[in-house]
Number of protein chains: 2
Amino acid sequence: MSYDALTHHFEQQHHLQHLGAICGWDQATMMPTGGSQARAEAMSTLAILSHQQLQAPQLADWFASAEQSPLTPEQTVSLQEMRRQWRDATMLPSDLVGAFSLAGSRCEHAWRSLRPANDWAGFLPLFEEVVNLSQQVAAARAEVLGLSRYDSLLEQFEPGMRSSTLNQVFTEVKQWLPTLISKVQDKQSHDTVLSPQGPFATEQQRALGLDVMRLLGFDFNHGRLDVSVHPFCGGVSEDVRLTTRYDEQDVAQALMGVIHETGHARYEQGLPVQWRKLPVGQARSMGIHESQSLFFEMQLARHPAFIKQLSPLLTQHFGDQAAFDPNNLAQLYTRVQPGFIRVDADEVTYPAHVMLRYEIERDLIEGKLAAKDVPECWDQLMQTYLGLSTKGNYKDGCMQDIHWTDGSFGYFPSYTLGAMYAAQQASAMQAQLGPLDTLIEQNLPSIFDWLQHNIWQHASLLDTDTLITQACGQPLNASAFKQHLEQRYLG
Amino acid sequence: MSYDALTHHFEQQHHLQHLGAICGWDQATMMPTGGSQARAEAMSTLAILSHQQLQAPQLADWFASAEQSPLTPEQTVSLQEMRRQWRDATMLPSDLVGAFSLAGSRCEHAWRSLRPANDWAGFLPLFEEVVNLSQQVAAARAEVLGLSRYDSLLEQFEPGMRSSTLNQVFTEVKQWLPTLISKVQDKQSHDTVLSPQGPFATEQQRALGLDVMRLLGFDFNHGRLDVSVHPFCGGVSEDVRLTTRYDEQDVAQALMGVIHETGHARYEQGLPVQWRKLPVGQARSMGIHESQSLFFEMQLARHPAFIKQLSPLLTQHFGDQAAFDPNNLAQLYTRVQPGFIRVDADEVTYPAHVMLRYEIERDLIEGKLAAKDVPECWDQLMQTYLGLSTKGNYKDGCMQDIHWTDGSFGYFPSYTLGAMYAAQQASAMQAQLGPLDTLIEQNLPSIFDWLQHNIWQHASLLDTDTLITQACGQPLNASAFKQHLEQRYLG
Ligand SMILES: [Zn+2]
Ligand SMILES: [Zn+2]
């Protein structure tokens, strides 16, 4: 039967991805430098092979025939998700794929030295090539999918999301965010906050991280914690490989990082066992994934009730300090300060960084903005949203992120979608289970159960809109997020 | 050109093997238990895929055409080695491969509980099935290769080696070994040897292991040391993954284990860079591989001159003990004691374990011995070679090794071939460079250079006979090994 043949084929694909995920983790955590060339070649062979398998000629027939077969509703969705993966892998002419990938590698490689040198002039031609090829990719995808160019890229990370929706929700956020930021700054200007004094030994930080992961229900029979330069949540859902990095002067970085990645990890570990090897059993979207990490990091870990549980753990691992007082930590972990760098931004100013990037990348892809005009546009939007100028400061401006260098246009919105979904989930959860502080204090597992039941177990069996509406009682909107920020930062 | 097409094809194969090697290492060292089912499935998909690629229909034509092309001598050997790998992968009917693999898995799985229970009756039917299928595999291989059945299995591990040669060399060893063993026991019966007193903390043992690996020239830019239940040397030659296990009561086990595996590792790290992705660039045979580990462990590390360097390292990591005196350590590391268990055997009694297994497995495969008669035969040979009876003691007799449970017949001789090759190499090296104690004391790197020049750099570019004759001035024979044992144990 064609459906079974497809299922088998995609399970094989999944097994190859498993090997790639583990070897990718190894590359970032374990591999000695001298192994990198051989590894890169092995990974590249795997990617080619995996892509070849998706292009097997029999797949088209199998899809056509399977779509005529009697299937259960879940099988029907599974078939759709296999088709989506197949379509994404076969939609573009292979010379365009090659050129796009080459331009991306070149630009990203150059960026690693051009960014520290603040060399926009050197970066621009490489970046223009990436934008140019991204436009071609977008045009080809748009044609097949019947979407606008930018939406065709967005579709890769956020199936079903459209720029019309983003425009609407971001327009609303822009109306209240700048005012909110200044109000919070005013309010916090009177606070005195103590910083914990290091050094904080790596081994103790690791032990603290493991304690907090246990508290958050991470399943160590199906995962582990290691160190990498750029923290991530990798591996496979049966064996989630979470990483962090340790700064001996700053305990919050690894602590909050581990909590964030644990949110990603629990989503992976909570995906439904019977669908794990198929596309339909994977995480719904980047935005939903980020909603889980931000639920853990923002809704949960920076909540005063959770900080009350973090405080004794810090004392236990690093001795007593006045800065570890729960009230001080709560202030420390919710400080708001507009800055240049997205990855260092707090919960309140973060959406400004994302909206700015969204507007620029959307216009770049739609051909309404030229690559050479990005710095000026960036500077203007930074001034509008955060009151900061990046004139001439490319390295802390439009050259700060890796995303655009390899053509990952359409990804940035996921971060703020995640923040909004997380707020909606927290709001719905409280409406159903009672106030978050009580849940945190008395029944932490009930929070995870709610997420398991409402988000994790559905994997990609529901589309994002249905998933969120079913879980939260309403589709994507910014009001729960606004309410959360106002309550936490101005309440 | 067909030669290039083949080269590309086998390089792709190598890249897949790379991923399998790293994921195999991860499985043994890093993977949490809960990940094992998914990993086993992913590894199995890789094996199937890799096997399919070797069965690609175009390969036969490419081989035929490449063999007509003008090639350099090295390319000609490379082609031969590709053909060998291809031939091995395609020679057997796939239903036989499937049945053999299934019987092996079943028998090995059952063995894990039947051995501790000393349950020969439960083991026999499973073992008979493995022997039966191994005979069929041997017969099919024999037919294609024009070899005897047992030789066709030996050929998998020791290309070019024949049982006629083994019979000859082992017959010679049998003439002097039992006498030598009793002489050594007599001589040692007067010695008083101190055992180092533990516990030896794992972290310190690891630090000692790393020190010794550095002393032995292990390249940490292309490898690392970790922990696994069953120590091995894995990974790829660009990134060698060496493992050990630590017993807090016994520092010698991990120390000698690490030195042994470092011998394997340096061979891998010393393979010629330009051939690494092809069959011709791989280690020559299991026996040559073992000759390197045994050179490091037996010729080098248990040599009094090397022990003089180990002694201060032990003191440095564990404090001063009378047992760490070099003279005591030298006695300790060369104690001879006949025992039941091969893996615990010393350098002198080890060949007896191997010869016994060789005679039994040869006769099993050639149909001259029935599986049910193995325990009796084992008991007789143990009495003859080591004066020990295993009557009724199956778990310390014929059920002690994993090798036969999955049908790895033909592998055991490699251990003693390795010991003999190592002795030949040490003898030739000394004839060329001077006495080993001087080299160890004054110029350790010259020893590694000799091995690099005479063994490692040749990979599979020479056949074993040529490799050994060229390096040592004569083909395989037991006299250097005999001389080494007499000098060390009776001198
Ligand atoms: Zn994240
Ligand atoms: Zn070995």
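Please refer to the structure placed before this passage.
Worth saying up front: this structure is predicted, and the values here are computed from it rather than measured. (Residues numbered from 1 in each chain as written. Chains lettered and ligands numbered in written order. Predicted model: local features only at pLDDT ≥ 70, side-chain atom pairs only at ≥ 80, totals over all residues. Heavy atoms only, no water.)

Enquirer: Would you explain the coordination of the zinc ion (ligand 2) in this entry?
Expert: Reference geometry at the metal: tetrahedral coordination by four donors gives ideal angles of 109.5 degrees; octahedral coordination by six donors gives 90 or 180 degrees. All names here are of chain B. In the first shell of the zinc ion (ligand 2), the protein supplies H260 (NE2), H264 (NE2) and E290 (OE), at 2.1 to 2.4 Å from the metal. Spacing between the donor residues of the zinc ion (ligand 2) along their common chain follows H-x3-H-x25-E. Of the two residues, H260 and H264 are both situated in helix α10 (residues 251-270); the distance of 4 residues between them amounts to about one turn of the helix. H264 matches H260 in its accessibility class, with the two residues each being buried. (Donors = N, O, S within 2.8 Å, 3.2 Å for Na, K, Ca; no water. Helix = DSSP H or I, 4+ residues; strand = E, 2+ residues; numbered from the N terminus. Buried < 20%, exposed > 50% of the residue type's maximum accessible area, 1.4 Å probe, protein only.)

Enquirer: Help me understand the interface of chain A and chain B, please; the structure alone is not making it clear to me.
Expert: One widely used convention gives an interface's size as the accessible area the parts lose upon coming together. In this assembly, 33 residues from chain A lie in contact with 33 residues from chain B. When chain A packs against chain B, close to 2,800 Å² is buried across both sides, 62% of that on carbon and sulfur atoms. For the pair chain A and chain B, the number of links is 6 salt bridges. For R39(B), the salt bridge goes to D239(A), with nearest N and O atoms at 3.4 Å. Summed over the shared surface of chain A and chain B, the number is 18 residue pairs in polar contact (both at pLDDT 80 or more). Split by residue class, the side of chain A that touches chain B holds 14 nonpolar, 11 polar and 8 charged. (Contact = heavy atoms within 4.5 Å. Buried area = accessible area lost by both parts, 1.4 Å probe. Salt bridge = Lys/Arg side-chain N within 4 Å of Asp/Glu carboxyl O. Polar contact = N/O pair within 3.5 Å; in protein donor to acceptor, adjacent residues only side chain to side chain. Nonpolar A, V, L, I, M, F, W, Y, C, P; charged D, E, K, R; others polar.)

Enquirer: Is there a simple way to think about the environment of L490(B) in this case?
Expert: All names here are of chain B. If you trace the backbone, L490 turns up in helix α20 (residues 479-490). Considered as a pair, L490 and V184 are 306 residues apart in the sequence and their alpha carbons are 6.3 Å apart. Setting aside anything within four residues of it in sequence, one finds L490 in contact with L180, K183, V184, K187 and L485.

Enquirer: Can you help me understand the coordination of the zinc ion (ligand 1) in this one?
Expert: Residues and elements named next belong to chain A. Around the zinc ion (ligand 1), the protein contributes the donor atoms H260 (NE2), H264 (NE2) and E290 (OE), which lie 2.1 to 2.4 Å from the metal centre. All donor residues of the zinc ion (ligand 1) come from one chain, and their arrangement in sequence is H-x3-H-x25-E. Placement of the pair is H260 in helix α10 (residues 251-270) and E290 in helix α11 (residues 286-301), with a sequence separation of 30 residues. The class of H260 is buried, set by a relative accessible area of 12%. According to the relative accessible area criterion, E290 is buried, its value standing at 10%.

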